[in-house]
Amino acid sequence: MSTILLCITAGRGPLECRLAVAEVARALAAEALRRGLDCALEPNPAGDKPSLLLSIAGEGAPALAREWEGTIQVTASSRLRPHHRRKNWFVAVHRLPEPPPLPVLAESDLVFETMRAGGPGGQHQNRTESAVRVVHRPSGASAIARDERSQHRNRVLAVARLSAVLSAMHERERDAGRFREWLARIQVERGNPVRVM
């Protein structure tokens, strides 16, 4: 069963576009229920007033999302400014990507190398290969540990450092995803609607 998260946004449109967002959300939810899909309004982490997040779950969710993605034109007189001549209000429906999964450190994905620790002298430092480098094959990330005299302890330390590197990479990907999501929320194409309501 697939779940899709849709962002319905007014971008930087006037207050009438924000009312149109609510109307489009109601129409989309009603159509999802008619097709037997689960539909729910999600909390908006960005706190944007001109946008709503709607999740649709079920076998037909991808097809419904494709039908609604793009610009929606809502034709209605302004309730906020009764003598306003504009009748067409535009909102956008964007499908939000799923957040990237946190990389898992599987033993089979790790490659270990040993080397001499180097550095300034020391009784055992340059005689044994106590330093350890670990490489995560799927991502190419690596970490080195040469702090301890024991190869075993350096191996544990290298894996811990690699885990921290992968977490930082995941944070960067998630932040980039949030930025793309924010851009999607402020961009509404005026014209070429996929639907007129």
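Each value, and the rule that gives it
Residues numbered from 1 in each chain as written. Predicted model: local features only at pLDDT ≥ 70, side-chain atom pairs only at ≥ 80, totals over all residues. Heavy atoms only, no water. Patch = residues over 30% accessible without salt bridge, like charges linked within 9 Å, V, L, I, M, F, W, Y side chains within 5 Å. Areas by Shrake-Rupley, 256 points an atom, 1.4 Å probe, with all protein chains shown as cover. Salt bridge = Lys/Arg side-chain N within 4 Å of Asp/Glu carboxyl O. Buried < 20%, exposed > 50% of the residue type's maximum accessible area, 1.4 Å probe, protein only. Pairing = 2+ DSSP bridges. Helix = DSSP H or I, 4+ residues; strand = E, 2+ residues; numbered from the N terminus. Axes fitted to C-alpha atoms, helices over the stretch in contact; angles between N-to-C directions. Arc of directions from axis to C-beta. Contact = heavy atoms within 4.5 Å. Core = buried A, V, L, I, M, F, W, Y, C linked by side-chain atoms within 4.5 Å. Left-handed = near helix turned anticlockwise from the far one by under 90°. Nonpolar A, V, L, I, M, F, W, Y, C, P; charged D, E, K, R; others polar. Phe/Tyr/Trp six-rings, centres within 6.5 Å; stacked < 30°, edge-to-face > 60°. Lys NZ or Arg CZ within 6 Å of the ring centre and 35° of its normal.

## What to know about a nonpolar patch on the surface
Now for step 1: A surface patch of nonpolar side chains, about 260 Å² in accessible area, is lined by Leu15, Leu19 and Leu80.
Now for step 2: Take leucine 80: its relative accessible area is 45%, and that puts it in the partly exposed class.

## Here's the deal with the sheet that holds strand 6 (residues 110-115)
Now for step 1: Spatially, the three strands line up as an open sheet ordered 6-7-8, and their pairing is antiparallel. The open sheet has two free edges, formed respectively by strand 6 and strand 8 (142-145), since each of these has just one partner strand. This sheet shows a mean twist of 15° between the axes of neighbouring strands, independent of strand direction.
Now for step 2: Bridge count for strand 6 against strand 7 (residues 131-136) is six bridges, and the pairing is antiparallel. In the sheet register, threonine 114 faces strand 7, and the bridge partner there is valine 132.

## Considering helix 2 (residues 61-68)
For an α-helix the count is 3.6 residues per turn, leaving residues at separations of three or four pointing the same way.
Now for step 1: Of all the positions in helix 2, only Ala61, Leu64, Ala65 and Trp68 are classed as buried. The buried residues of helix 2 occupy one face: seen down the axis, they fall within an arc of 100°.
Now for step 2: Buried positions along helix 2 lie against strand 1 (3-9), helix 1 (15-34), strand 3 (51-57), strand 4 (70-75), strand 5 (88-96) and strand 9 (195-196).
Now for step 3: Looking one or two places after helix 2, you find glycine 70, whose phi comes out positive at around 125°.

## Topic: the environment of glutamate 59
Now for step 1: With respect to the helices and strands, glutamate 59 occurs in the loop between strand 3 and helix 2.
Now for step 2: For the pair glutamate 59 and aspartate 38, spaced 21 residues apart in sequence, the C-alpha to C-alpha distance is 10.0 Å.

## Concerning the nonpolar core
Now for step 1: If you look at the biggest cluster of nonpolar residues, it comprises 23 residues, and the most contacted ones within it are Ile8, Val24, Leu28 and Ile56.
Now for step 2: Of all the secondary structure elements, the ones that give two or more residues to this core are strand 1, helix 1, strand 3, helix 2, strand 4 and strand 5.
Now for step 3: Among the elements that make up this core, the one with the highest residue count is helix 1 (seven residues).
Now for step 4: With nine residues, the next largest nonpolar core counts Val132, Val134, Ala141 and Leu166 among its residues.

## Thoughts on the sheet that holds strand 9
Now for step 1: A sheet is described by the order of its strands in space; here six strands give the open sequence 2-3-1-5-4-9, paired in mixed fashion. Whereas interior strands pair on both sides, the edge strands pair on one side only; in this sheet they are strand 2 (38-42) and strand 9.
Now for step 2: Sheet topology places strand 4 next to strand 5; six bridges connect them, and they run antiparallel. Residue pairing across strands places glutamine 73 opposite phenylalanine 90, the latter belonging to strand 5.
Now for step 3: Strand contacts of helix 1: strand 1, strand 2, strand 3, strand 4, strand 5 and strand 9, with the helix running at about 55° to strand 5, the strand carrying the most contacts.
Now for step 4: Together, strand 1, strand 3, strand 4, strand 5 and strand 9 form the strand contacts of helix 2, whose direction differs from that of strand 1 by roughly 20°.

## Let's talk about the packing of helix 1 against helix 2
Now for step 1: Interaxial distance between helix 1 and helix 2 falls to 11 Å at its minimum, and their mutual angle equals 150°. Here the hand of the crossing between helix 1 and helix 2 comes out right-handed. Note on element contacts: helix 2 touches helix 1 through Leu64, Glu67 and Trp68, opposite Val24, Ala27, Leu28, Glu31 and Ala32.
Now for step 2: Class assignment for the residues of the contact of helix 1 with helix 2 results in six nonpolar, no polar and two charged.

## Brief notes about the packing of aromatic side chains
Now for step 1: By the definition in use, this model includes zero aromatic pairs.
Now for step 2: If you follow arginine 195 out to its NZ or CZ, it ends over the ring of tryptophan 68, 4.0 Å from the centre.

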